[in-house]
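Overview (structure and organization)
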Amino acid sequence: MRWEGGRRSSNIEDRRGGGFGRPLAVGGGAASLVVALLVMLLGGDPSDVQIGTRDSPYSDPATGGSGNVDPQQEKMKDFASVVLADTEDTWPRLLEPQGVRYVQPHLVLFTDAVQSACGAQESAVGPFYCPGDQKVYLDLSFFDELESRFGAPGDFGRAYVIAHEVGHHVQNLLGISRKVQSLRNRTSEEQANQLSVLTELQADCFAGIWANHAQKDRNILEQGDVEEGLGAASAVGDDTLQKRARGYVVPESFTHGSAAQRMTWFKRGLEQGTLEACDTFNARR
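As the structure is a computational prediction, the values presented were derived from the model and not from experiment.

Focus on the state of the cysteines
Applying the stated criterion across every chain yields a total of two disulfides. Here cysteine 118 engages in a disulfide with cysteine 130; their sulfurs sit 2.2 Å apart. Between cysteine 118 and cysteine 130, the disulfide has an S-S torsion of 100 degrees and is therefore right-handed. In this pair, cysteine 118 sits in the loop between strand S3 (113-116) and strand S4 (119-122) while cysteine 130 sits in strand S5 (residues 128-130), placing the two residues twelve residues apart along the sequence. The exposure class of cysteine 118 is buried, given its relative accessible area of 9%. Residue classification places cysteine 130 among the buried positions, given a relative accessible area of 0%.

Considering the side chain of aspartate 155
Relative to the helices and strands, aspartate 155 resides in helix H4 (residues 155-174). Relative accessible area serves as the criterion here: at 18%, aspartate 155 is assigned to the buried category. There is a polar contact of 3.2 Å between the side chain of aspartate 155 and the side chain of tryptophan 3. When near neighbours in sequence (up to four residues on either side) are disregarded, aspartate 155 contacts Met1, Trp3, Phe79 and Glu228.

As for the pattern of salt bridges
Across all of its chains, the model carries 14 salt bridges by this definition. Residue aspartate 217 pairs with arginine 93 through a salt bridge whose shortest N-O separation is 2.1 Å. Of this pair, aspartate 217 sits in helix H6 (residues 189-218) while arginine 93 sits in helix H2 (residues 74-95), and the two are 124 residues apart along the sequence. On the accessibility criterion, aspartate 217 (42% relative accessible area) is partly exposed.

Considerations on the environment of leucine 107
With respect to the secondary-structure elements, leucine 107 resides in strand S2 (residues 106-109). Along the backbone, leucine 107 and serine 81 are 26 residues apart, and their C-alpha atoms lie at a distance of 8.2 Å. When neighbours within four sequence positions are excluded, leucine 107 is seen to be in contact with Asn11, Ile12, Glu13, Ala80, Leu84, Val136 and Leu138.

Cut-offs used in this document
Residues numbered from 1 in each chain as written. Predicted model: local features only at pLDDT ≥ 70, side-chain atom pairs only at ≥ 80, totals over all residues. Heavy atoms only, no water. Disulfide = S-S within 2.5 Å. Helix = DSSP H or I, 4+ residues; strand = E, 2+ residues; numbered from the N terminus. Buried < 20%, exposed > 50% of the residue type's maximum accessible area, 1.4 Å probe, protein only. Polar contact = N/O pair within 3.5 Å; in protein donor to acceptor, adjacent residues only side chain to side chain. Contact = heavy atoms within 4.5 Å. Salt bridge = Lys/Arg side-chain N within 4 Å of Asp/Glu carboxyl O.

What follows is the structure in structure tokens.
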């Protein structure tokens, strides 16, 4: 992926090593691992897994935090800043015809744990978007996990992760998130899960829309990049995660969509590049 010469976003909050107390564990051992695997990755509502914390203030953001920041992560911080800037250049003109003004989200980088408007979260929940403060939260070590544990290497796969979370921000601005949450509160657990899946698949499609326009406008794609993006989408499918954690799959418990669904909708957004193409809620099976 061609990104090194891209514009850097000013909407980065670096809280790495910021001195926030690590959240108290929910359960322990294997049980905690299962919970983390089933909840983590791309777009789940962090308030559903809110956990307690020990009181500890952030250190001065101007110093970058009191903890030690791995210098090898600085390139990934730079990368994330470029991808975020690219989404800032893409979405305003796509939302303007909908009568929606694009409000730029902030990307918060953190280590181990973070406090958001959606509660205190550990890195185990994966990257997430919090509509309460309109911020995307990311522990950069997730990119290492994506490659080493889930077999999804490459810059474009990492860009997909960020673009998916920004996709949730777009849903929030369009009022989709609010409508879905209202429906979920009035339905059964299984129906609520289905609505969650449709929401996640739409965010995947929105990530594809970003890639479509970024390629047209800035020629970011290199050979193999599309495969990297599809590989990342497949790696975080519910069936992939459940089989890894449990050894078997329970489709009715899906909240993000299967690997095949996630790849399909990401590819659809990438190929068509329109909001109309991403109407997962009214799409035929």
